Amino acid sequence: MTLPLPALILGLALLPVAAAKAVELKVIAGGSLTTLLNDDLGPQFEKASGHKLSIHFDSTPNIVARINSSTPFDLAIVPIDVFKDAAAKAHFVPGPTIDIARVGYGVAVRAGAAKPDVSTPDTLKKTLLDASSIAFVPSSAAGAYVIRVFERLGIAEEMKAKTKAQAGPPQIAPSVSRGEAELGVFLTNVLVAPGVELAGSFPADLQQELIFTAAVATDAKEADAAQAFIRFLTTPAAAAAIKAGAMNPG
């Protein structure tokens, strides 16, 4: 997505003057941010700052394991669930994290397919039970919530047999578009993708937003650049890109 020139200028104006020495910034990020950071905000920041981003995308359990293994990194932009792990939290500079984006859950179908009704808990339950297969990422913070919804609907056992577990969020939409799974059930920004169409968001009684928040590592090699990236992610220009990516800023 190309931002309108005024928004881009305003966003870049809030960045510090480009560092005299460009650095490589090691970032850990939630897998659901892959498109947003790789295709949009990452390149914008690199162009504005001169820094180079090296981003490792992963699921929440793997992110926690990576952090606790003392793998070097400068900055994390991850589901807030990561900070529920006390050991992982200890690897970050003390203080509040900075919320970057939030997004709810929905259901997607292959482009051109009939869109099932998911507007109420009862219709969502029927849609899930009627589906032959469902693609999502069980081993993730978002996937854990999807499983809790299955449990609340009383269909957790039935869904186990229908689940087509994906390696990461970027694989969900292609799985549905290729017909390998009938439905994609995950964060809505992941389901807004080529080859699939959003059937609808979870009903209000079952909806919840997953928050992606940012923090600097205690032993960050490039702490100044990490702080600069966080500042960029909270600019009006970044907010416009986040909205265009089917998420809500902050």
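Residues numbered from 1 in each chain as written. Predicted model: local features only at pLDDT ≥ 70, side-chain atom pairs only at ≥ 80, totals over all residues. Heavy atoms only, no water.

Student: Go over the environment of F73 with me, naming the residues and quoting the values.
Tutor: Its location among the elements puts F73 in the loop between α3 (60-68) and β3 (75-79). According to the relative accessible area criterion, F73 is buried, its value standing at 5%. C-alpha of F73 to C-alpha of F186: the two residues are 113 residues apart in sequence and 28 Å apart in space. Not counting the four nearest positions on each side in its chain, F73 is found in contact with K26, I28, I67, H91, F92, A217, D219 and A220. (Helix = DSSP H or I, 4+ residues; strand = E, 2+ residues; numbered from the N terminus. Buried < 20%, exposed > 50% of the residue type's maximum accessible area, 1.4 Å probe, protein only. Contact = heavy atoms within 4.5 Å.)

Student: Break down the packing of helix α2 (residues 34-49) against helix α10 (residues 223-233) for me, citing the residues and quoting the values.
Tutor: The contact between α2 and α10 brings their axes to 10 Å, and the two run at 115°. With respect to the hand of their crossing, α2 and α10 are arranged in right-handed fashion. Along the contact surface, α2 presents L37, L41, Q44 and F45, while α10 presents A225, A228, F229, F232 and L233. Looking at the contact of α2 with α10, its residues break down into 8 nonpolar, 1 polar and no charged. (Axes fitted to C-alpha atoms, helices over the stretch in contact; angles between N-to-C directions. Left-handed = near helix turned anticlockwise from the far one by under 90°. Nonpolar A, V, L, I, M, F, W, Y, C, P; charged D, E, K, R; others polar.)

Student: Which residues make up the sheet that holds strand β9 (residues 196-201), and what are the values?
Tutor: Ordered in space as β7-β6-β8-β5-β9, the 5 strands form an open sheet in which the pairing is mixed. Pairing within the sheet leaves two strands with one partner each, and these edge strands are β7 (163-165) and β9. Across the sheet, the mean angle from the axis of one strand to that of its neighbour is 30°, orientation sign disregarded. (Pairing = 2+ DSSP bridges.)

Student: Got a sec to walk through the environment of L53? Specific residues and values, please.
Tutor: Note that L53 resides in strand β2 (residues 52-58). Considering only alpha carbons, one finds L53 and Y105, 52 residues apart in sequence, at a separation of 28 Å.

Student: Account for the sheet that holds β2, with residues named and values stated.
Tutor: Spatially, 6 strands are ordered β2-β1-β3-β10-β4-β11 in an open sheet, and the strand pairing comes out mixed. With partners counted over all chains shown, the strands left at the sheet margins are β2 and β11 (248-249), one partner each. The pairing of strand β4 (residues 98-103) with strand β10 (residues 210-216) spans 5 bridges and is antiparallel. Within the sheet, the bridge partner assigned to R102 lies in β10 and is I211. Each of β1 (24-30), β2 and β3 is contacted by α2, which is oriented at about 165° to β2, the strand it contacts most. Along the sheet face, α3 touches β1, β2 and β3 and points at about 140° away from the line of β1.

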